[in-house]
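# What the coordinates show
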Amino acid sequence: MTALVDLKGVRFTWPKQPRPVLDLAEFTVLPGERVFLRGPSGSGKSTLLGLISGVLAPQAGEIHLMGEDLVAASGARRDRLRADHLGIIFQLFNLVPYLGVVANVALPLRFSARRRAAVQGAPDAEARRLLAALGLSDPELLERRVIDLSVGQQQRVAAARALIGAPDLVIADEPTSALDTLARDQFITLLSEEAAQTGAGLLFVSHDPGLASHFERTVDLMEINRAAQPASQGESAA
Ligand code: ADP
Ligand code: MG
């Protein structure tokens with residue numbers, strides 16, 4: 001079975017920084033697996049997601065996405081792999097303000113023939129189906145501009161956009177930080193159910209260790225990152 005994501009010996013240093021932020025012996029996500037990656041703020045979670053999605057390039061090591069060598073791939077090839085295989089929920093959602101709710105959700109189908117082909121019927125109908133599955137079916141809501149939705153509603157739009165066209169892996173970068181506990185748990189449950197239904201893997205990132213029970217496997221970035229500064233006795237006692 002080819003891993004969705006496979007990192008080996010990856011080291012990454014931000015420009016002009018004296019030391020690496022990440023140094024990982026190994027990190028994998030298998031097809032259909034739902035993984036929780038936890039780590040405190042500033043520990044390199046978003047940086048790791050940038051490497052996995054081919055937006056950042058490591059100074060050392062190997063990164064394979066869908067079995068393909070991301071480090072050797074051209075920029076255009078990395079863009080193609082991302083558009084075809086990844087559904088990404090950004091921390092601040094990155095919805096397109098001048099597009100409506102349904103058009104935002106259908107957008108990834110415009111950038112990927114592969115994902116368009118995975119949808120039976122019209123893109124807008126599939127967008128509405130996913131929105132309804134995530135609890136957004138009120139026609140009045142669907143006619144609003146995305147900036148006139150609540151944070152929780154915007155988050156569901158972002159999730160539907162990530163899920164459309166059956167990507168192989170859904171990546172979520174702390175999408176629940178603005179939600180209360182109940183809304184947060186409901187959101188993760190819906191996201192997991194939808195990912196399971198399409199067979200997508202899920203890589204969910206958060207600083208909040210309380211989310212671990214929702215996932216099949218939890219990875220602690222501080223444990224696998226050899227570049228992490230161990231907390232001193234005084235800090236861990238605080
Ligand atoms: P997390 O997502 O876990 O909060 P990040 O990956 O955003 O952590 O950041 C990890 C470290 O990398 C931090 O020290 C942060 O300041 C640094 N960093 C993040 N983005 C940049 C950037 N564009 N340029 C330089 N340093 C950065
Ligand atoms: Mg982050």
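We now turn to the structure provided with this report. (Residues numbered from 1 in each chain as written. Chains lettered and ligands numbered in written order. Predicted model: local features only at pLDDT ≥ 70, side-chain atom pairs only at ≥ 80, totals over all residues. Heavy atoms only, no water.)

## Structural notes on the packing of aromatic side chains
Using the criterion set out here, one finds 4 aromatic pairs in the structure. Both rings, one in Phe-12 and one in Trp-14, keep their centres 5.0 Å apart while their planes meet at 90 degrees; by these two values the pair is edge-to-face. Exposure remark for Trp-14: the relative accessible area of 38% places this residue in the partly exposed category. Taking the centre distance of 6.5 Å and the plane angle of 50 degrees together, the rings of Phe-36 and Phe-204 count as tilted. (Phe/Tyr/Trp six-rings, centres within 6.5 Å; stacked < 30°, edge-to-face > 60°. Buried < 20%, exposed > 50% of the residue type's maximum accessible area, 1.4 Å probe, protein only.)

## Some remarks on the site of ligand 1
Neighbouring ligand 1 are Trp-14, Val-21, Pro-40, Ser-41, Gly-42, Ser-43, Gly-44, Lys-45, Ser-46 and Thr-47. Here an oxygen atom of ligand 1 sits 2.7 Å away from a polar atom, N or O, in the main chain of Gly-42. In the model, an oxygen atom of ligand 1 is placed 2.8 Å from a nitrogen or oxygen of the Lys-45 side chain. The fraction of the free accessible surface of ligand 1 (560 Å²) that becomes covered by protein chains is 58%. (Near = heavy atom within 4 Å. Polar contact = N/O pair within 3.5 Å; in protein donor to acceptor, adjacent residues only side chain to side chain. Areas by Shrake-Rupley, 256 points an atom, 1.4 Å probe, with all protein chains shown as cover.)

## A short note on the pattern of salt bridges
One pass over the structure, following the stated rule, counts 15 salt bridges. Two residues, Arg-114 and Asp-168, come together in a salt bridge whose shortest N-O distance is 3.5 Å. In this pair, Arg-114 sits in helix α4 (residues 113-117) while Asp-168 sits in the loop between α7 (151-163) and β7 (169-173), placing the two residues 54 residues apart along the sequence. Since its relative accessible area comes to 41%, Arg-114 is described here as partly exposed. One salt-bridge network, held together by shared partners, links Asp-6, Lys-8 and Glu-26. (Salt bridge = Lys/Arg side-chain N within 4 Å of Asp/Glu carboxyl O. Helix = DSSP H or I, 4+ residues; strand = E, 2+ residues; numbered from the N terminus.)

## So, the nonpolar core
If you look at the biggest cluster of nonpolar residues, it comprises 40 residues, and the most contacted ones within it are Ile-89, Leu-131, Val-157, Val-170, Leu-191 and Phe-204. Of all the secondary-structure elements, those providing two or more residues to this core are α3 (101-111), α5 (123-133), α6 (139-143), α7, β7, α8 (181-198) and β8 (201-206). Formed by 27 residues, the second largest nonpolar core is a distinct cluster that contains Phe-12, Phe-27, Leu-81 and Leu-169. (Core = buried A, V, L, I, M, F, W, Y, C linked by side-chain atoms within 4.5 Å.)

## Structural notes on the layout of surface pockets
Each pocket or cavity is described by its volume, and for the largest pocket that value is around 360 Å³. If you go around the largest pocket, you meet 14 residues; those closest to its centre are Leu-86, Ile-88, Phe-90, Pro-108 and Arg-161. Of all the elements in the fold, those that place two or more residues in the lining of the largest pocket are α2 (75-85), β6 (86-89), α3 and α7. In this structure, the second largest pocket encloses a volume near 250 Å³. Along its surface, the second largest pocket is lined by 14 residues, and Ser-46, Leu-49, Ile-88, Phe-90 and Asp-173 are the ones closest to its centre. Sorting the residues of the lining of the second largest pocket by element identifies α1 (45-52), β6 and β7 as the ones contributing at least two each. Looking at the lining of the second largest pocket residue by residue, the classes come out as 7 nonpolar, 5 polar and 2 charged. (1 Å grid on protein atoms, 1.4 Å probe; cavity = no way out; pocket = protein on both sides within 12 Å on 5 of 7 lines; lining within 4 Å. Points joined across faces, edges and corners; volume = space filled by probe spheres on them. Nonpolar A, V, L, I, M, F, W, Y, C, P; charged D, E, K, R; others polar.)

## Here's the deal with the sheet that holds strand β2 (residues 22-29)
With respect to topology, 4 strands assemble into an open sheet ordered β2-β1-β4-β5, the strand pairing being antiparallel. Since the sheet does not close on itself, it has two edges, and those belong to β2 and β5 (68-69), each with one partner. Of the strand pairs in this sheet, strand β1 (residues 5-12) and strand β4 (residues 60-65) are connected by 5 bridges, and their pairing is antiparallel. Bridge pairing in β4 links Leu-7 to Ile-63. Sheet strands in contact with α1 are β1, β2 and β4, and its direction is about 120 degrees off that of β1. (Pairing = 2+ DSSP bridges. Contact = heavy atoms within 4.5 Å. Axes fitted to C-alpha atoms, helices over the stretch in contact; angles between N-to-C directions.)

## Here we look at the packing of α3 against α7
Following both chains from N to C, one finds α3 and α7 inclined at 30 degrees, their axes separated by 7 Å at the closest point. Here α7 runs roughly parallel to α3, going by the angle between their axes. For the crossing formed where α3 meets α7, the hand is right-handed. Across the interface between the two elements, Val-101, Asn-104, Val-105 and Pro-108 from α3 touch Val-157, Ala-160 and Arg-161 from α7. Broken down by class, the residue content of the contact of α3 with α7 amounts to 5 nonpolar, 1 polar and 1 charged. (Parallel < 35°, antiparallel > 145°, perpendicular 65-115°, else oblique. Left-handed = near helix turned anticlockwise from the far one by under 90°.)

On their own, these measurements won't tell you what the molecule is for.
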